[in-house]
Amino acid sequence: MSGPTVVIDRLTATLHHDPAAPPPGGDPLRGPLRHAVAGSLETALRALDLPPGHWCLARLDLTVGLDLDRPGPALAREWSGAVAAAIERTVREGGAAAPDTLVHYRHDVDLLADAVAGLAAGRRERLWAWRQTGILGPGDPAPEAAPGPALLAALERHPRLAAAAVLRAAGQCGLAALDRAWGREGWQRLASLVAPGEPGEPGAGTSDPGTRALARTLLSGSGLAGLVRASRLRPAEPTLAAWAVLVLAETDPAALERPAARPGLRGLLAQGLRTLAGGPARPEPEPDAGGREVPDGGCAGCDGGGGPAGRAECGADTGCGGCAGCPADGARGARAGAAGYAGCGEDAGCIADAGCIADGGCGAGAGDTGRGGCAACGGAVRAGCLRDPGDSGHPGAGSARPGGPGTGADGAPPGRSPLPQRPPDAAASRAGAGGPAAAGTAEPGPVRPARPAPGPADGAATGWAGLLFLLGAAPEAGLPDRALGEPALAGRPLSWVLHTAARTLCGLAPGDPAALALAGLGPDRAAALLRAPAATPREQEAVEALAADWARATAARLGEERYADDPFGAVHAVARRPGRITAETGWIEAVFAHADTDLAVRRAGLDLDPGWLGWLGAVVRYRYA
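What counts and what doesn't
- Residues numbered from 1 in each chain as written.
- Predicted model: local features only at pLDDT ≥ 70, side-chain atom pairs only at ≥ 80, totals over all residues.
- Heavy atoms only, no water.
- Helix = DSSP H or I, 4+ residues; strand = E, 2+ residues; numbered from the N terminus.
- Pairing = 2+ DSSP bridges.
- Axes fitted to C-alpha atoms, helices over the stretch in contact; angles between N-to-C directions.
- Salt bridge = Lys/Arg side-chain N within 4 Å of Asp/Glu carboxyl O.
- Phe/Tyr/Trp six-rings, centres within 6.5 Å; stacked < 30°, edge-to-face > 60°.
- Buried < 20%, exposed > 50% of the residue type's maximum accessible area, 1.4 Å probe, protein only.
- Lys NZ or Arg CZ within 6 Å of the ring centre and 35° of its normal.
- Expected span 1.5 Å × (residues − 1).
- Bend = angle between axes of the 7 residues up to and from the residue.
- Contact = heavy atoms within 4.5 Å.
- Polar contact = N/O pair within 3.5 Å; in protein donor to acceptor, adjacent residues only side chain to side chain.
- Parallel < 35°, antiparallel > 145°, perpendicular 65-115°, else oblique.
- Left-handed = near helix turned anticlockwise from the far one by under 90°.

## Some remarks on unusual backbone geometry
- In the segment running from Leu 479 into Pro 480, the intervening peptide bond is cis, with an omega of 5°.
- Residue placement: Pro 480 occurs in the loop between strand E5 (460–462) and helix H15 (481–485).
- Positive phi is not limited to glycine here, since Arg 232 has a value of about 60°.

Shown next, in the form of structure tokens:
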């Protein structure tokens, strides 16, 4: 949905005739109303010049002067035009003109997330808008009496957007509010909706080192993981499994779509979430508890369990699973510098030590060497932690850790060259065609000037907005299966592979909005990606081979002879165009100026809306403004 949607639920009219004249006979408004509803009103609404999105008006009152002696169709057109003009005027004037009656949702995920957060938190002031847009149907459970079943019914009508909507809603209302609304059974229904028909996968113990490294990476980049810790819920295993599905939908949706490519990953994530939540789950609640998780008042396993006052020093308790923020915890648990994550303690099932998932390192965080740390990053390797010195994803085993003090603008640590910008076999041809410089940023050269059209609210500006057009040629390059099946990339999420490929293809800076959006991320969700360890030689070689094939697939789509021996030139011809990109959870949109429409790109079908891309976890839209 890239254009405005206007829906009128009910239209009523009252005739006020001249009191000095005799009243008109019959019902003079019936005919014009029927003509308006039959077509003229829809025509007038389609002609509205509104910003994209869903515009909801609870009520609109207007007075229209009509000459009842004119024919019904003419009156219907006049009336419809007046209604459309009043709607446009109200929208343009904004909430100040209609603070209680005007609601704007930029896109479908925005709308669904607002309904989920509102129903979970007990806010029902926008019920009329959710009903008006069809999010809540007439046959749904009453949201006033059963908010959980009502919002689950709404999500079941939009299964592709369900995970994105819940992730957004959780950030607005918190996990505890969602849990109160639907409980353990609701979480399980949501998980089956997000990952339908997915068979039970092997447990965490059967996973290889690459998958264990990937699990730590995903947890470090997950906003939901932070919400799990903040919620202080003590979830049972079914809820942890459902949360693991949401973490995958948030951080690596391709692995969720292709579970066979990452066996045991969901089990590892559930294990890590258990640690963040404060240790082993409590026994299943009694039936009268309604299946809802119990908020934790203090440290998991500590005597007293009633909060920080119940224990002088959490680390003295061998039963502690890791305090979820206990300020008295001097030995394990949440700790300064751990980015707000709970500690892993000495749990033999630990996946994420206090700083391990927060900083991309291997132990409790840089500088924590008092318990036997890693020589590469200064973190401690616990006996039960899944990161061990022999893991291929361990920073001390052939990879460096960028993103800290002293790293360069290209993301490479001191003493290490920046990321190669293209496959070696393409270097010569690119050098003669204005290829990117080796410094990691786009080469200087003429760029079509950005034309005044989209405003700042339409996203982040970039000169490479056309990079998203390469998604049209992704299947010919073997994506996403090729990246998921490559052993050298087993420890990396697809977002890292796509981001690294984008930099290899075009020489973009790490934080360029186009490179991040191709990875399915916006600037606000890119921190974990940007601080990820630099590519190992095997990883870089695999990404370069993928990028070269992606370039050849793009050149084949364009079908021009000049790109037969210069596929990277085809990539630049498609990608190097100004625009603004919005990349949010579940929704990615690139906005271009009308004057920048490219017939070659249009003939190749590269700027057709991809729509829902499950392996990217988002709806992708292109819009010309």
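## Thoughts on the sheet that holds strand E7 (residues 587–592)
- Within the open sheet, the five strands sit side by side as E5-E6-E7-E9-E8. Their pairing is mixed. Each edge of the open sheet is held by one strand with a lone partner, namely E5 and strand E8 (611–613). Across the sheet, the mean angle separating the axes of adjacent strands is 25° when strand polarity is ignored.
- Sheet topology places strand E6 (residues 579–584) next to E7; five bridges connect them, and they run antiparallel. Following the sheet pairing, Ile 581 is matched in E7 by Ala 590.

## Description of the pattern of salt bridges
- The full count for this structure, using the stated rule, is 22 salt bridges.
- The partner of Glu 584 in a salt bridge is Arg 106, and the shortest N-O contact between them spans 2.4 Å. Here Arg 106 lies in the loop between strand E2 (102–105) and helix H3 (108–121) and Glu 584 lies in strand E6, a separation of 478 residues in the sequence.

## Quick look at the packing of aromatic side chains
- On inspection of all chains with the given rule, the structure shows five aromatic pairs.
- Considering the side-chain rings of Phe 469 and Tyr 622, the 4.8 Å spacing of their centres and the 90° angle between planes classify their relative orientation as edge-to-face. Here the residue Phe 469 occupies a position in the loop between E5 and H15, and Tyr 622 occupies one in strand E9 (residues 618–624), the gap between them amounting to 153 residues. Residue Phe 469 shares its accessibility class with Tyr 622, and that shared class is buried.
- One aromatic cluster is present, built from ring pairs that chain together Phe 469, Phe 592, Tyr 622 and Tyr 624.
- The ring of Trp 496 has Arg 492 sitting right over it, with the charged end atom 4.1 Å from the ring centre.

## Side note on the environment of Gly 459
- Relative to the helices and strands, Gly 459 is located in the loop between helix H14 (427–431) and E5.
- Measuring from C-alpha to C-alpha, the distance between Gly 459 and Arg 580 comes to 5.1 Å, with 121 residues separating the pair along the chain.

## Notes on helix H1 (residues 30–46)
- Under the 1.5 Å per step criterion, the end-to-end length of H1 is 23 Å for 17 residues, consistent within 8% with the ideal 24 Å.
- The largest bend in H1 comes to about 60°, at Val 37.
- What H1 keeps buried is the set Pro 32, Ala 36, Gly 39, Ser 40, Leu 41, Ala 44 and Leu 45.
- Buried residues belonging to H1 abut helix H2 (72–93).

## Side note on the side chain of Ser 222
- For Ser 222, the location among the structural elements is in the loop between helix H8 (209–220) and helix H9 (223–231).
- Reaching out from Ser 222, the side chain makes a polar contact with the backbone nitrogen of Leu 224 at a distance of 3.2 Å.
- Separated by 2.7 Å, the side chains of Ser 222 and Glu 250 make a polar contact.

## Focus: helix H20 (residues 567–575)
- Counting buried positions along H20 gives eight out of nine residues, so the element sits mostly inside the fold.
- Residues Pro 567, Phe 568, Gly 569, Ala 570, Val 571, His 572, Val 574 and Ala 575 constitute the buried set of H20.

## Focus: the environment of Asp 27
- Looking at the element boundaries, Asp 27 is found in the segment before H1.
- Each C-alpha atom of the pair Asp 27 and Leu 15 lies 9.3 Å from the other, and the pair is twelve residues apart in sequence.

## Quick look at the packing of H3 against helix H6 (residues 159–173)
- It is the contact of H3 with H6, at a shortest axis distance of 8 Å, that shows an interaxial angle of 50°. With respect to H6, the axis of H3 lies oblique. Crossing angle aside, the handedness with which H3 passes H6 is right-handed. Residue-level contacts link Asp 108, Val 109, Asp 110, Leu 112, Ala 113, Val 116, Ala 117, Ala 120 and Ala 121 of H3 to Leu 161, Ala 164, Ala 165, Arg 168, Ala 169, Gln 172 and Cys 173 of H6.

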